Structure formats: C-alpha cells, structure tokens
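Observations on chain architecture
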Amino acid sequence: MLPPRSAFPPGFLFGTATSAYQIEGHAAGGPGPSHWDTFAATPGNVRGGANGARACDHYHRWAEDLDLVAGAGFDLYRFSTSWARVMPEGSGPVNAEGLDFYDRLVDGMCARGLKPALTLYHWELPAALADLGGWRNRDTALRFGDFAEAIGRRLGDRVHSIAPINEPWCASWLGHFEGLHAPGLRDIRATARAMHHLLLGHGRAIEALRGLGLGNLGAVCNFEHVLPADESPEAAAAAARHDAIMNRFFVEALFRGRYPEEVLAGIAPHLPPGWEADFPGIQAPLDWFGINYYTCKRIAPAPAPALWPGYAAAPGPLPKTALGWEICPEGLEALLIRIARDYTGALPLLITENGMAAPDTLVDGACEDAERIAYHAAHLEACRRAMAAGVPLAGYTAWSLLDNFEWAEGYEARFCLVHVDFESLQRTPKASYAAFKRALEG
Ligand code: FCB
C-alpha cells in the first residue's frame, strides 16, 4: 500500500512525469528532425528498431491524458517541450503550430487544476544543431538560451516551475561516452565538451528566464546510490570515480562552482579553453533542485587495460526490475540526506522521477502491477525517513504516466501507471494508478 497523502506535510506535492519525445509522436505537427530520430534510424541502436514517430500519439490525445493525470488526484504534471518541435532548425523561425500545442497543453493543465512543471529539454536536440556538433559546440548552449526565452515568453505566465535540462549526465555521458543514447558517440573530447556545454546552456536558460521575471526555476539531475563491488581499495577507488562522474559532477558545478578532481583527471585535457570562466553563469541561484532516482549500482575496477575511468558495473543481490536495475529504496534515503547535507542545504528538493520497469500485460482488460505499487510505496517511505532526518523534500513525481518510448529500450520497457497498447493506442489505468488515486484521496 502507498502511504496516504495525510502521511506527508500539508503542501507536499504529488505528481507524475512524461517527456515530449517519449509520448507525443514526433511525426505530427511540423517539427524538425531531432538527433533521437537519427539515433533511432541507425541500425542496432534501439530495441526493435523503434522510434518516437508515433509513440503514444499524445500530440492528438493530450486532453484524455491530462484527464488521467487529474483523475488520479495528482497536484502536478511534469512535462517537457520539444526544441525540435518549436524551432525545427534549432534557432531562428518558430513552428507556430508547435508553440500553440504547448500553449493548449498548459491551458489544459490549468483548467484541470494541475500545476504545470516544465522541463525545457528532455533530450531531442534539433538535428540541424547536431549537424553543427550538437552539445560539443558552445554555440548550442547559446541557442538553448534563445529557445528558453521563446518558451518562457509564451508559457511562463502559467507554468508552476521550470527546469532547463533533464539529466545532463544522460545527455552527455550516456550519449557521448557510452554511446547508448543519442548522438551515439564514444568520444572523450565530445563527452567533456557536452558535459560543460549542457551546464553552460542551463545557466543561459536560467539567465533568460530570470530576465523575463520568471521564478520557481530549478535543475534536474539523476543519481544512483553507488556501492563498491567488494571491500578492496581498488573497488573503493573505482566506485569513487563513478560517483564523481555521475553523482557529483553536475551538482558540484551548480552549487559549488567546480568540477570534482576525479573527473578532471580524465576530462581536463578535453574541456574547451577557458571553461572555468563559465562558472558564475552555471551557478546562477536556483529555487529548487530535482532528483531523479531509480537504483543503486555496484562498481568494480575495470579489467586491464585500465584507461580512465577504469570501472565496470557488477551484479548485486537485491531484487531487480525488468531492466535488471536493483530495487534499493535505502539508496534514495541516503542520497537525499547526502545532497541536502553536501550541496543544497535548505533549498527545497523534489523527487522529479522515480519508478520501475515491469513486464506488464493486460489480463482480462486489467494490469495488476503489484510490484510497482510496492516499489513506489518503499520509495515514498524512504522519502518520509529522509524528511524525518531533516531533508527539505517538497514533492514526489512518479515516472511515468503512460507506457512510452523508453529510449534505447524502445517500447519494451513499461514504467508507467497507465498501460498503452501500442497498436490501438488504448490507455488502460493499471492497479498502480488506482493505488495512487486511493493514496492521494487519503
Ligand atoms: C530517466 C529519463 C526518463 C526515463 C526514465 C526511465 O533517465 O529521464 O526519460 O527514460 O529514465
């Protein structure tokens, strides 16, 4: 059972999240191609050769989808704007139809009493900017500031909050070092530059939004609870490197104006000249900080030859989700306490994503996803423990509303409260949806 709303302080916000490319259907409404279209069109990158062209067809079915969010009793809906939909070439002329879509969507949220929690960039970089080097190119960060301004001008009067970039670690490391997400590179120089330019872009967007007089601005990073695979000093050092790259790099830049030594040891020669001078913009004050959390990770030293960063993930003993991710609510508690203690202090924290993939199927028209209910319940209890320990946690957002295009996993990893039949596009609320509805009434 999920802990009821009454187990949390008054004003604690409950929400659910989605992102543009994962649900909208990128073929509709006149967007430009994005680097996720390119990545998905390249054989071997996405399971089943899938892409986001149709996805959940949220572009046409958004009203029904917002009814689902409101119907469960959520306070907040975290959604994202597609840069390629709004600016097909990445800069210059705006696709009026795209901007109108988000305008209607935000009005639709307000009409249903939902707080619109906007993320500007959830990974679909316009392909025209990818052609110019994408996040490797400093200019992309400046163009992102322009995009932020265009969106802020149109939607800023009605949105509850804005975060410029979702999970800069995925957008840089996973896409440029591991090659598992768009743009599919394995290139340390590209990685270093993308890491830095995403932060620069974040700062430019905050500056543009503040310039419009907008408030409640934040940032969203993803974290894993990192554990050494064994008790050896080598495993401890490997775990510290992964922790520095994944957990410390972005938050340390945002709140301390520096990069961890363990990361500079690998990327310093590849950073753009003069990178230190960008920290004042990167460190622009924020009103909240969002944490996406799914799992813990055990880290072992990589086998020789040990090029930096020299580590590999090792299997762990905990129960796992359908993607093999260990279920570790204690890790969320530990991370919340650590982030508040080391970086954010009294700044309100939000869980902006948390959820699990399961092999959900419809049986007689119903999906009994009991494991997902247990997952959310355990993580909500972890939130309560962290709050009891003094963490200023202000809300919890479940990933995700609708089964969707799960990036490199295609349509095969279902994370959501509502089942989607990808043939008929029919939406069927799962047992976890009903569980949230009950908890939010109580
Ligand atoms: C996060 C992403 C989100 C979704 C979940 C499962 O890293 O922000 O789009 O893919 O993982």
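Residues numbered from 1 in each chain as written. Predicted model: local features only at pLDDT ≥ 70, side-chain atom pairs only at ≥ 80, totals over all residues. Heavy atoms only, no water.

1. As for the environment of Val69
- Looking at the element boundaries, Val69 is found in helix 3 (residues 58-71).
- Between the C-alpha atom of Val69 and that of Leu174, which follows or precedes it by 105 residues, the distance is 30 Å.
- Among residues more than four places away in sequence, those in contact with Val69 are Thr16, Phe74, Leu76, Tyr77, Leu114 and Leu401. (Helix = DSSP H or I, 4+ residues; strand = E, 2+ residues; numbered from the N terminus. Contact = heavy atoms within 4.5 Å.)

2. Overview of the site of the ligand
- All residues adjacent to the ligand are Gln22, His122, Trp123, Asn166, Glu167, Tyr294, Glu353, Trp399, Glu406, Trp407 and Phe415.
- In this structure, Asn166 approaches the ligand through a side-chain N or O atom, which is 2.9 Å from an oxygen atom.
- Take Glu353: an N or O atom from its side chain is 2.9 Å from an oxygen atom of the ligand.
- Its free accessible area being 300 Å², the ligand has 94% of it covered by the protein chains.
- Class assignment of the residues belonging to the shell around the ligand gives a composition of five nonpolar, three polar and three charged. (Near = heavy atom within 4 Å. Polar contact = N/O pair within 3.5 Å; in protein donor to acceptor, adjacent residues only side chain to side chain. Areas by Shrake-Rupley, 256 points an atom, 1.4 Å probe, with all protein chains shown as cover. Nonpolar A, V, L, I, M, F, W, Y, C, P; charged D, E, K, R; others polar.)

3. What about the nonpolar core?
- In terms of nonpolar packing, the biggest core is built from 136 residues, with Leu120, Trp135, Tyr259, Phe289 and Leu336 touching the most fellow members.
- In terms of residue count, helix 10 (residues 233-256) provides more of this core than any other element does, 10 residues in total.
- When residues no more than four places from it in sequence are discounted, the contact partners of Tyr259 are His196, Leu199, Phe249, Ala253, Leu264, Leu271, Trp275, Phe279 and Ile282.
- Membership of the second largest hydrophobic core comes to 10 residues, among which are Ala357, Tyr375, Ala413 and Cys416. (Core = buried A, V, L, I, M, F, W, Y, C linked by side-chain atoms within 4.5 Å. Buried < 20%, exposed > 50% of the residue type's maximum accessible area, 1.4 Å probe, protein only.)

4. Concerning the packing of helix 10 against helix 13 (residues 329-344)
- One way to put it is that helix 10 packs onto helix 13 with a least axis distance of 10 Å and a crossing angle of 40 degrees. The angle between the axes of helix 10 and helix 13 places the two elements in the oblique class. Pair helix 10 / helix 13 crosses with right-handed handedness. On helix 13, the residues that touch Asp243, Asn247, Arg248, Val251, Glu252, Phe255 and Arg256 of helix 10 are Arg338, Asp342, Tyr343 and Thr344.
- Considering only residue class, the contact of helix 10 with helix 13 consists of three nonpolar, two polar and six charged. (Axes fitted to C-alpha atoms, helices over the stretch in contact; angles between N-to-C directions. Parallel < 35°, antiparallel > 145°, perpendicular 65-115°, else oblique. Left-handed = near helix turned anticlockwise from the far one by under 90°.)

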